[in-house]
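The chain contents come next:
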Amino acid sequence: MLRDSRYEAKMQTSPIPYRMIGASLFASNIGSGHFVGLAGTGAAAGIAIGGFEWNALIVVIILGWLFVPIYIKAGVVTMPEYLKKRFGGQRIRIYLSVLSLLLYIFTKISADMFSGAIFINQALHLNIYVAVVLLLLITALYTVTGGLAAVIYTDTLQTIIMVIGSFILMGYAFDKVGGYNSFYNKYMTSIPTNVSANINATCYTPRPDAFHIFRDPITGDMPWPGLVFGLTILATWYWCTDQVIVQRCLSAKNMSHVKAGCILCGYLKLLPMFLMVFPGMISRILYTDVVACIEPEKCQAYCGTSVGCTNIAYPKMVVDLMPNGLRGLMLSVMLASLMSSLTSIFNSASTLFTMDIYTKIRPSASEKELMIAGRVFILGLIAVSIAWIPIVQTGQSGQLFDYIQSITSYLGPPIAAVFLLGIFCKRVNEPGAFYGLLVGLVIGLARMIAEFAYGTGSCVNPSNCPKIICGVHYLYFALILFGTSCVLILAISLMTKPIDDKHLHRLCWSLRNSTEERVDLEVDTWDTKSTLLRAVITSTYDPSCWKKAYNWFCGFEQSAAPELSPEEQAELQKKLTDTSEDPVWRNVVNANAIVLLTVAVFFYAYFG
């Protein structure tokens, strides 16, 4: 018989311990886009971009202590599924699934493929699109033949490789510039030579506040109110509501392992400032004329794009600075980070598409059909992402990480608003959530489309986009969009009928410990479909060797699964939704959370 995929998804991944959860969270987040993007923006503007990473030290605590307990008690597998249980109807769930897949294209797949191809291009001088295809072939092989559990275990190994390799490169880099004090002085004087007299000096001179995270709220390139408040909204969307991240937490052994994994991830997120941002700044010192290139013609010759070459800061240092053996190690680091990120995205995108979209188009689809549809969909997703790479290459004046964060600022805040209000305000209902999402999307797309239409330009050739549209920093725009969405959601909800408590047990914070039976707003069509399929489909033959090989490659079950009785299903459901903790381990993880928050405050204060 076919397995009930909703239960199977949790059964297969439930034994994952905290150390692998934490490593997988970190590896899934840190892709080649971070190596290229963080180092590139560090080379261009200093350490402020590292504040994006340290913000996660706080938000992962919010994830483990506030959001994941609700998801577990709700008994959900995907984030759109949670919204369906919380609000009812299909339109919010489908909206979020489609938007999540678009964000995968705009900010994850295309950006990771582009950044990975930059490194391969610098190391092997391959055409950037040939490099993309080769990387995808390798990634697809073990994504298709693995699954979430395989992805998490490979993430753990890849995290070790990434950290060790990056530490080695950081040591070489600081040795080359003569230590931290020399690094500071040399960065502030790393000005390219042979610059045309008609170019403003501010375009190629290091910023005076390059070694400060908190910058002027008006004139700063990364204004501190946006970094503190606007970024927290984006981080809440990413860390607390994104399928790629939450899926890992839901696979933990128990609630204490979820929290411990979040804490481990938080400590690992301290590293990118030292392993990526600082080396990127050192690359500007060592290769000033190339990395700090400002004239369009010269930049085109150096790196193939006219808006600047800071994106090659990290790959160029690896290729030119490290000896052959260690250069190969760093190549494996980049490949590991790229594949880790892509496998996580492919796995989650396939889940979203098959469970939240395809089953609405084909309600009677068999499990084998759903798996094939997921594979085909991933191929289409890859094709669109490759076509989007030229946009990524020139977005936000050639700053890859700024491009990723700006797209997130235009599309993510309404989703964060819906999840936050849905969990912490039980008065919010489906019309409020849906129209808040819809209006928020229209406002965000208006800004994003205008920016693409006018172009973001560069310091030498600034964009002519009207200041009233593009003049607001994207982090400030995220704050405005979040506030607007919250007001709309609350206003419309208060003007329409509330949801009865009987539909909200264990779906919102105030009812999280309720023991009353929840009456779902709608019957879960996935469970109904699976029950019907089990009743009519059985496996009654012994497949051939070729058939077994085919099933193994595509991830199909090789043998029949036992059918669970209603009592067994109820017991399994109780186990899967259990958030109880051993008192000793609860105190241990709570104490470690306080230590992590203290560390975050210290680093912010020291580099502020």
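Refer to the structure printed above.
Residues numbered from 1 in each chain as written. Predicted model: local features only at pLDDT ≥ 70, side-chain atom pairs only at ≥ 80, totals over all residues. Heavy atoms only, no water.

Trainee: Describe in detail the overall build of the protein, supporting the description with residues and values.
Mentor: Each helix and strand counted, the protein has 28 helices and zero strands in total. Of the contacts made within the protein by residues no fewer than 6 positions apart, 82% connect residues no fewer than 24 positions apart. (Helix = DSSP H or I, 4+ residues; strand = E, 2+ residues; numbered from the N terminus. Contact = heavy atoms within 4.5 Å.)

Trainee: Tell me about the state of the cysteines, residues and numbers included.
Mentor: Enumeration according to the criterion identifies two disulfides in this entry. Shown here is the disulfide that connects Cys-293 with Cys-299, its sulfur atoms set 2.1 Å apart. Here the S-S torsion is close to -120°, and the disulfide linking Cys-293 with Cys-299 is therefore left-handed. Residue Cys-299 is classed as buried on the basis of its relative accessible area, which comes to 0%. (Disulfide = S-S within 2.5 Å. Buried < 20%, exposed > 50% of the residue type's maximum accessible area, 1.4 Å probe, protein only.)

Trainee: Help me get a handle on the packing of helix α5 (residues 56-74) against helix α13 (residues 255-268), residues and values and all.
Mentor: Relative to each other, α5 and α13 sit at 160°, their axes nearing to 9 Å. Comparing their axes, α13 and α5 come out roughly antiparallel. Between α5 and α13 the crossing geometry is right-handed. The residues of α13 that touch α5, namely those facing Leu-57, Val-60, Ile-61, Leu-63, Gly-64, Trp-65, Val-68, Pro-69 and Ile-72, are Met-255, Val-258, Lys-259, Cys-262, Ile-263, Cys-265 and Gly-266. (Axes fitted to C-alpha atoms, helices over the stretch in contact; angles between N-to-C directions. Parallel < 35°, antiparallel > 145°, perpendicular 65-115°, else oblique. Left-handed = near helix turned anticlockwise from the far one by under 90°.)

Trainee: Outline the environment of Ala-210, listing residues and values.
Mentor: For Ala-210, the location among the structural elements is in the loop between α10 (180-188) and α11 (224-241). A residue is classified by how much of its surface remains accessible, and Ala-210, at 0% relative accessible area, is buried. Considered as a pair, Ala-210 and Gly-42 are 168 residues apart in the sequence and their alpha carbons are 8.6 Å apart. Discounting residues that sit within four places of it in the chain, Ala-210 has contacts with Ala-45, Gly-46, Ile-47, Tyr-187, Met-188, Arg-215 and Met-281.

Trainee: Quick one: what's the story with the pattern of salt bridges, residue by residue and with numbers?
Mentor: A full pass over the atoms with the stated rule returns 14 salt bridges. Among the salt bridges present, the one from Asp-209 reaches Arg-215, with a minimum N-O distance of 3.9 Å. The exposure class assigned to Arg-215 is buried, which follows from its relative accessible area of 2%. Across the salt bridge formed by Arg-518 and Asp-520, the nearest N and O atoms sit 3.2 Å from each other. A residue is classified by how much of its surface remains accessible, and Arg-518, at 15% relative accessible area, is buried. Since its relative accessible area comes to 32%, Asp-520 is described here as partly exposed. Look at the salt bridges and you will find they share partners, linking Arg-207, Asp-209, Arg-215 and Asp-221 into a network. (Salt bridge = Lys/Arg side-chain N within 4 Å of Asp/Glu carboxyl O.)

Trainee: I'd like a rundown of empty space enclosed by the protein, residues and numbers included.
Mentor: Which parts of space are left empty comes out when a probe the size of a water molecule is rolled across the atoms. By the definition in use, this model includes seven cavities of 30 Å³ or more. Each pocket or cavity is described by its volume, and for the largest cavity that value is around 410 Å³. Residue lining of the largest cavity: 26 residues in total, with Asn-29, His-34, Tyr-238, Ile-404 and Gln-405 positioned closest to the centre. Of all the elements in the fold, those that place two or more residues in the lining of the largest cavity are α2 (18-29), α3 (32-45), α4 (51-54), α7 (91-124), α11, α18 (324-361) and α20 (400-411). For the lining of the largest cavity, the element with the highest residue contribution is α11, accounting for six residues. Taken together, the residues that form the lining of the largest cavity break down as 12 nonpolar, 10 polar and four charged. (1 Å grid on protein atoms, 1.4 Å probe; cavity = no way out; pocket = protein on both sides within 12 Å on 5 of 7 lines; lining within 4 Å. Points joined across faces, edges and corners; volume = space filled by probe spheres on them. Nonpolar A, V, L, I, M, F, W, Y, C, P; charged D, E, K, R; others polar.)

Trainee: So what's going on with the nonpolar core? Which residues, and what values?
Mentor: Grouped together as the largest cluster of nonpolar side chains are 173 residues, with contacts concentrated most on Tyr-71, Tyr-82, Phe-183 and Trp-239. In terms of residue count, the dominant contributor to this core is α7 (17 residues). (Core = buried A, V, L, I, M, F, W, Y, C linked by side-chain atoms within 4.5 Å.)

Trainee: I'd love a proper account of the packing of aromatic side chains, names of residues and values included.
Mentor: This structure, assessed with the given rule, holds 34 aromatic pairs. An angle of 55° between the planes, with centres 5.1 Å apart, marks the rings of Trp-54 and Phe-603 as tilted. Remark: Phe-603 occurs in helix α28 (residues 583-607) and Trp-54 occurs in helix α4; sequence separation between them is 549 residues. Classification of Trp-54 by relative accessible area gives buried; the value is 1%. A centroid spacing of 5.9 Å and a plane angle of 45° characterise the contact between Phe-424 and Trp-509, whose relative ring orientation is tilted. With Phe-424 in helix α21 (residues 413-424) and Trp-509 in the loop between α24 (474-495) and α25 (525-536), this pair connects stretches of sequence that are 85 residues apart. Residue placement shows Arg-512 over the ring face of Trp-509; its charged tip is 4.0 Å from the ring centre. (Phe/Tyr/Trp six-rings, centres within 6.5 Å; stacked < 30°, edge-to-face > 60°. Lys NZ or Arg CZ within 6 Å of the ring centre and 35° of its normal.)

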